[in-house]
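Read off the chains here:
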Amino acid sequence: MARFRATSFGIVNAGAPWGVEAPDIDYAIIYSVIHGPVWFEGGGLSQMLDSGDVVFLPHGDRHRLASGRDVTLTEPLMELLRRKPGNYVFEHGGKGAPIQFIAGGSVWDDAAKATVARFLPEALVLRQDEIAPGAHIAEINKMVVKEGISPRPQSGLVVNGLFNLLLTELLSAVFSAPHIASALEDHAASGKIARALLLIHHSASFDWTSSLLAQRVGLSRSVFSKRFTQETGRSPGAYIKQLRLHRAATLLRGSHVSIADAAEHAGYASIPSFCQAFKAFFGATPHDWRRPKA
């Protein structure tokens, strides 16, 4: 049932500094980075993408792409893609470091939108090193770029077929991800709670509330909270808080991110609040946690 009915696409060649933004739109959005890096922000995620990475926004949430996190230069993406009617290659930005990415907006098939799309989180990022060896994402990207550079009368139909193949590869990667599979297995979750867990785990930084999760999985808030607590042993709020703290702890131990960035990743606007919650949960401050043990 997972399929797109139609796709609009473009190949964007940009030079630093550059930036584009898109409002909420009733399309599924896919970006494939051919040559990075590209800063992406949207759907509760903020991260640098590199060559071979793919971003999927199933619900067309508001988002931004740029040559760097602190770049404020932006242009409406829709205006950029309308600049050359009939053409599929678009130049953007300055004369700095060049990048290239595929931008696609796809219309869900009605049945897919009512079923599959509801199951998906606000944003998904598939890293190149997470792509299974047998996947065809790189080949699909090459064919899309070829259609964009040398368009034919049937290029729109061909690219829509290629984006449906890309959708299949993305969903295969999502549902086979170890952390999703283990989360569902550990909690033996029912279908609706399994859907909520998928949303939470793939967009942990998103500002989830019990009401929003309940709405997304088709339950009342009270019924959802009761079932979630029964099947996971924690309330939705406690589950999300602990997941975010665990991810922040992993970041602090495994990278050089600042405590401020770890706090933001965990959904805390206040560093003192983050430090207090972190110490209460792990028994150590973020600073002490990342310090190598003797």
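The structure reproduced in this document is the subject of the present report. (Residues numbered from 1 in each chain as written. Predicted model: local features only at pLDDT ≥ 70, side-chain atom pairs only at ≥ 80, totals over all residues. Heavy atoms only, no water.)

**Examining the layout of surface pockets**
- Size it by volume and the largest pocket reaches roughly 1,200 Å³.
- Lining the largest pocket are 35 residues, and of these Leu 45, Gln 47, Val 125, Arg 247 and His 265 lie nearest its centre.
- Along the lines of polarity and charge, the residues of the lining of the largest pocket split into 16 nonpolar, eleven polar and eight charged. (1 Å grid on protein atoms, 1.4 Å probe; cavity = no way out; pocket = protein on both sides within 12 Å on 5 of 7 lines; lining within 4 Å. Points joined across faces, edges and corners; volume = space filled by probe spheres on them. Nonpolar A, V, L, I, M, F, W, Y, C, P; charged D, E, K, R; others polar.)

**Topic: the pairing of strand β1 (residues 4-15)**
- When you tally the buried positions in β1, you get nine out of twelve residues, the bulk of the element.
- For β1 and strand β10 (residues 98-108), the ladder comprises eleven bridges, and the chain directions are antiparallel. Bridge pairing in β10 places Ala 14 opposite Ile 99.
- Of the pairings in the sheet, the one linking β1 to strand β9 (residues 89-93) comprises five bridges and is parallel in character. Its bridge partner being in β9, Val 12 is matched across the sheet by Phe 90. (Buried < 20%, exposed > 50% of the residue type's maximum accessible area, 1.4 Å probe, protein only. Helix = DSSP H or I, 4+ residues; strand = E, 2+ residues; numbered from the N terminus. Pairing = 2+ DSSP bridges.)

**What to know about the sheet that holds strand β5 (residues 45-49)**
- If you trace the five strands from one edge of the open sheet to the other, you get β5-β4-β7-β2-β8, paired in mixed fashion. Two strands close off the open sheet at either side, each with one partner strand: β5 and β8 (75-76).
- Pairing geometry for strand β2 (residues 19-22) and β8, over two bridges, is parallel. From the neighbouring strand, Glu 21 faces β8, where its bridge partner is Pro 76.

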